[in-house]
Amino acid sequence: PAAGSSSGSIDMELLKEREIDRSRLQGGKLLGEGAFGHVVEATLTQPEEVDVVVTVKKLQDDDDPQARQALLRETCIMLLCGNHDNVLRLKGICFRDGPLQLVLEYAEHGSLLHLLWTLRAESKLNRTVLVKKRHIFENMMVEVCCGLEHLATMRLVHRDIAARNILICGKGTAKIADFGLARDMYAVGYHRQHRGHDLLPLKWMAPEGLKNEARFTHKSDVWSFGVLLWEVAQLGRTPYPGMEGAGRIYDALQNHFRLPRPQLCTEERYQLMLKCWKFNEKSRPDATTVRKLLKADPNGFF
Ligand code: ACK
């Protein structure tokens, strides 16, 4: 099943295996809030180990059966995803005797998008900071590729690879984060469909996803990864400013229009982005090839 898709069943047995008793959680500060849900930092007590800091995601309206179903479905997908250092871990879920709560690994440094915004502000004061931090971002992009390779081996498609969904843990490790609620917190990157709750990340979507057929494969994640590279080189700016609507973006892409080359990257890095944005998905590299190309050009940013 495609991650984040509305298909796929809810496996209650699987959920029960990972149930966390809500009395083990002690809420802390609010990290973010939106119309559909909120994210808080919390402490999880562990029977025979030291307590850990975790992140808890809750729905704003737990009585909304559709939202609950969607979150449970996403949880099952995350549980099927297995463990990988570059995919944010789901520690468990509270679903009995109260609101649905997802217990996730805590990412000390927040999202990559946030980090890019901070870097943009810092670099206005002192441009040398960019060159100093270059290797950190190179490394993060390689790590995201490793996460994508893992998802591909698990036959999972993320469908929402973007800087807002990459979280940065201690020591600067980049992790592909869960999906769903970020959509709500960073509404600016999304487009609301006419009906329903669905918010679509149009500007990160490959043409086959934008078209009516709405097809998503590993190669559509590679397209989004190309947009992520562009976000890094643009220090977190939003792609295609002023261009709105699936039809308009699709037509532009079909007419060979692509995001322009950012000033803060090498020609080689831009060529890599263009490879990710091949109209025909069969011509796009897979995540393994992208990772090798990144490593071959270790000073591609800034
Ligand atoms: O962009 P941020 O710094 O990273 O601010 C948002 C906010 O909460 C609302 O989504 C941050 N966030 C989301 N998931 C986690 C997590 N697992 N650990 C730490 N911060 C998180 C996100």
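To keep things clear, this report deals only with the structure shown in the data block. (Residues numbered from 1 in each chain as written. Predicted model: local features only at pLDDT ≥ 70, side-chain atom pairs only at ≥ 80, totals over all residues.)

Topic: the overall build of the protein
Now for step 1: A tally of helices and strands in the protein yields ten helices and nine strands.
Now for step 2: Against the 2.2 N^0.38 benchmark of 19 Å for 302 residues, the protein shows a C-alpha radius of gyration of 19 Å, consistent with a compact globule.
Now for step 3: Considering only C-alpha atoms, the protein reaches an extent of 55 × 45 × 35 Å along its principal axes.
Now for step 4: Partitioning the intrachain contacts of the protein with sequence separation of at least 6 by distance along the chain shows that 68% fall at a separation of at least 24. (Helix = DSSP H or I, 4+ residues; strand = E, 2+ residues; numbered from the N terminus. Rg over C-alpha atoms; globule rule 2.2 N^0.38 Å. Contact = placed C-beta atoms within 7 Å.)

Quick word on the nonpolar core
Now for step 1: Leu112, Val144, Phe225, Leu228 and Leu229 are the most contacted members of the largest nonpolar core, which has 66 residues in total.
Now for step 2: It is helix H7 (residues 218-233) that provides the largest number of residues to this core, a total of nine residues.
Now for step 3: Filtering out sequence-adjacent residues up to four positions away, Leu112 remains in contact with Met140, Ala163, Ile166, Ile168 and Ala174. (Core = buried A, V, L, I, M, F, W, Y, C linked by C-beta atoms within 7 Å. Buried ≥ 20, exposed ≤ 12 C-beta atoms within 10 Å, placed from the backbone.)

Looking at H7
Now for step 1: In this model, H7 (16 residues) spans 23 Å end to end at C-alpha, consistent with the 22 Å of a helix rising 1.5 Å per residue.
Now for step 2: Taking burial as the measure, the 16 residues of H7 include 15 buried ones, the bulk of the element.
Now for step 3: Positive phi shows up at Leu235, right after H7, with a value of about 50°. (Expected span 1.5 Å × (residues − 1).)

Structural notes on the packing of helix H4 (residues 128-153) against H7
Two measures define how a pair of helices packs: the angle their axes make with one another and the distance between the axes.
Now for step 1: Contact geometry for H4 and H7: axes closest at 11 Å, N-to-C directions at 170°. Relative to H7, H4 is oriented roughly antiparallel. Contacts between H4 and H7 involve Phe137, Met141, Val144, Leu148 and Ala152 on the former and, on the latter, His218, Asp221, Phe225, Leu228, Leu229 and Val232.
Now for step 2: Looking at the contact of H4 with H7 residue by residue, the classes come out as nine nonpolar, one polar and one charged. (Axes fitted to C-alpha atoms, helices over the stretch in contact; angles between N-to-C directions. Parallel < 35°, antiparallel > 145°, perpendicular 65-115°, else oblique. Nonpolar A, V, L, I, M, F, W, Y, C, P; charged D, E, K, R; others polar.)

Here's the deal with the packing of H4 against helix H10 (residues 287-296)
Now for step 1: Between H4 and H10, whose axes approach to 8 Å, the crossing angle comes to 165°. Considered as vectors, H4 and H10 are oriented roughly antiparallel to each other. For the crossing formed where H4 meets H10, the hand is left-handed. Between H4 and H10, the residues in contact are Glu138, Met141, Val142, Cys145, Cys146, Leu148, Glu149 and Ala152 and Ala287, Thr288, Val290, Arg291, Leu294 and Lys295, respectively. (Left-handed = near helix turned anticlockwise from the far one by under 90°.)

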